[in-house]
Every structure is written in structure tokens, then in C-alpha cells.
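Spelled out, the chains give:
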2 protein chains.
Amino acid sequence: MDNNLRAEIDRLHAQICSGLADPNRILILYTLAENAYNVSDLALKVELPQSTVSRHLKVLRDRDMVTAQRDGQSVFYSLSDDRIIQALNLLRAMLASSLENQAALARSVQIAS
Amino acid sequence: MDNNLRAEIDRLHAQICSGLADPNRILILYTLAENAYNVSDLALKVELPQSTVSRHLKVLRDRDMVTAQRDGQSVFYSLSDDRIIQALNLLRAMLASSLENQAALARSVQIAS
DNA sequence: GTAAAGTATGCAAATAGGCGAATACTTACA
DNA sequence: TGTAAGTATTCGCCTATTTGCATACTTTAC
């Protein structure tokens, strides 16, 4: 592949990943995977100020990771692609393995001492 | 689940995602998925300064996403878990779909005009 | 038209992250 | 011990991101 094209795709790829790189956004994405929410209900659900949630949703919208649909005064947001959750789940499972290993290591150190 | 624990896990989860949130690190991860490399060879391969590569590897090491193994003067790095690549591939496939949709939209606009 | 509900944005401050060049550290070997 | 190769880190600089508050914008309903 052309190197410049590869670089451009990697840039977009990294941009999507940066959409995942915030704990509040992860919570928002998992929440939207269950249900569509409008901004204020979502803010209540995740216990964050409305402006913070709105700004996170903009980050996700800019990356096409969520879809916005206006209904009256409200704007309903939903997950645009379930592969986002699949990817998050893979990484979370990896994290769980890693934490288990750390715990096992800690136990073995206790036993040895 | 306890809300504080959930928040802590989300924080670690986001930290892993932030490891993916840079185009050079994505290139490095895909490169290491093919082969283990020492730092300087990897720097040649990805065409970045040694210090830049070393710093990126530290980011990945801190998140347990790569494994370092010293052999003589060299330190060989390898991917610590293939699920990283699986997650990246899911997101890249999503990106590809999105780019295709954009292209199709652009074509339809041309036809319509 | 005006008020109210819902949403987005400007602002300012703080924090984090990226880079290359230079330098320090580590290991091997003469 | 001293030199070279390989790696990590410090430095200076710059850009990006997150946050809450206050405010502006948009839509509905009276």
C-alpha cells in the first residue's frame, strides 16, 4: 500500500481510538449500547453535567461513533456500530486477564514470604 | 457492581484505549504483531527516530500491551496479547465501512447534480 | 411573540501528550 | 578499564483535551 495512504488511514484509525480514550466516554458508549438516550436523560444516567455529556457526544459524533436524531426538543443519541462495543469488550477482557495475573502474582508473593 | 470499582475499571480501560490513540503506535503494534523487534530495528522499520519509538514503547509497556525481553544489548519487544490486534481490526473495519459510505454518498451526489 | 425545555458552545484554567535533539544509562567485549 | 552499540530519559517547546460555568441557540407550546 502507498505509504501516505497508510499513514492517513492510521491517523483516522487513531482518531477513532482516541474516541475511546476517556472513562466517561466509555461509560457513555456502554450506556448507549443498551438504549438510545437524549442528552439530559443520559446526563442523569451517567451522573455528569449536561455540558460535559454534550461535549463527549460531540467527540463521538465527529468520529461517527454515535448517531444523533432530533425528536422535538430532544436529540436522541445511539451507538452507530456495535463493533465499537465488541472492540471495547476485547480490550476489557484483556484488562481482566491482566488484573487476574497481577492478583495471582501478589498471592504467590505472599505465600513465598 | 460498586460504582467506584466500575469507575476505576473504566479508567484502566480508557488508559488501554489511549495506548491505541496515536497513529505511530498503531503502526508499531501492527509491526510487532508480525515479528518481535528490538528498538533500533523497529525504528528503522517504521521510519521514526529511536527516541520516539522508545517513548512509544514505554507507553505501551506501561499499559502491558507489549512485552520487553532483553537479549544482550538489545531489548526485544513483542505484542503481549493478540486481542489488541483483534480490537484494532474491528475498529479499522468500521472505519472502512464508514469511508465506503462516504464514497457512495459522494458518487450519488455527483450523479444527482 | 414569549417562555420553557433541551442542547450546544465560548471561555479560562488545568492537565496531558507529542516531538527531535542531546544526553545518560546499560551491556558486551577487547 | 575503556569503547561501542543499544536503549531510555531529560529538555524545551508546542498542541490537544477535559472540565464546569455561564451563555447562546433551537424547538415547542401557550
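This is a predicted model, so every value here is computed, not measured.

Draft legend 1. Up close: the protein's contact with DNA strand C. The full set close to DNA strand C counts 24 residues, and S40, R55 and Y77 of chain A together with T52 and H56 of chain B are the nearest of them. Here the atoms of DNA strand C within 4 Å of the protein split so that 58% fall in sugar or phosphate, with bases taking the remainder. Note that a phosphate oxygen of DNA strand C is positioned 3.3 Å from one of the backbone N or O atoms of V39 of chain A. At 2.8 Å, a backbone N or O of V75 of chain A approaches a phosphate oxygen of DNA strand C. Looking at the surface near DNA strand C, the elements with two or more residues in it are α3 (39–46), α4 (50–62) and β3 (74–79) of chain A together with α2 (23–34) and α4 (50–62) of chain B. Top element by residues in the surface near DNA strand C is α4 of chain A. It accounts for six residues. Broken down by class, the residue content of the surface near DNA strand C amounts to four nonpolar, 13 polar and seven charged.

Draft legend 2. Structural detail: the interface of chain B and chain A. Listed per partner, the contact involves 36 residues of chain B and 36 residues of chain A. Here chain B and chain A share an interface that buries about 3200 Å² over both sides, 72% of which is from carbon and sulfur atoms. Our count for the chain B to chain A interface comes out at two salt bridges. Between R92 of chain B and D10 of chain A there is a salt bridge; the shortest N-O distance is 2.3 Å. The tally of links between chain B and chain A comes to eight residue pairs in polar contact (both at pLDDT 80 or more). Going through the elements one at a time, α1 (3–20), α2 and α5 (83–112) of chain B are the ones with two or more residues in the side of chain B that touches chain A. Looking at the side of chain B that touches chain A element by element, the count peaks at 15 residues for α5 of chain B. Among the residues forming the side of chain B that touches chain A, the class breakdown is 20 nonpolar, seven polar and nine charged.

Here is what the cut-offs are and how they apply
- Throughout this document, residue positions are counted from 1 along each chain, in the order its sequence is written.
- Labels are handed out in written order, letters beginning with A for the chains and numbers beginning with 1 for the ligands.
- Whole-chain, interface and lining totals are the exception, using all residues; otherwise, since this is a predicted model, local features are given only for residues with pLDDT of at least 70 and side-chain atom pairs are given and counted only at 80 or more.
- Hydrogens are left out, water is left out, and the side-chain values use all remaining heavy atoms of the structure.
- Whether a residue is near a molecule or strand depends on its heavy atoms: it is near if one of them lies within 4 Å of it.
- Two N or O atoms count as a polar contact when they lie within 3.5 Å, although within protein this holds only if one can serve as hydrogen donor and the other as acceptor, and sequence-adjacent residues are included solely when both atoms are side-chain atoms.
- Numbered from the N terminus, helices here are DSSP runs of H or I no shorter than four residues, and strands are runs of E no shorter than two.
- Think of it as three bins: nonpolar holds Ala, Val, Leu, Ile, Met, Phe, Trp, Tyr, Cys and Pro, charged holds Asp, Glu, Lys and Arg, and polar takes everything else, Gly as well.
- Here, residues are in contact when the closest pair of their heavy atoms is within 4.5 Å.
- Here's the idea: put two parts together, see how much 1.4 Å probe accessible area each one loses, and the total over both is what we call buried area.
- Put simply, a salt bridge is a Lys or Arg side-chain nitrogen that is within 4 Å of an Asp or Glu carboxyl oxygen.

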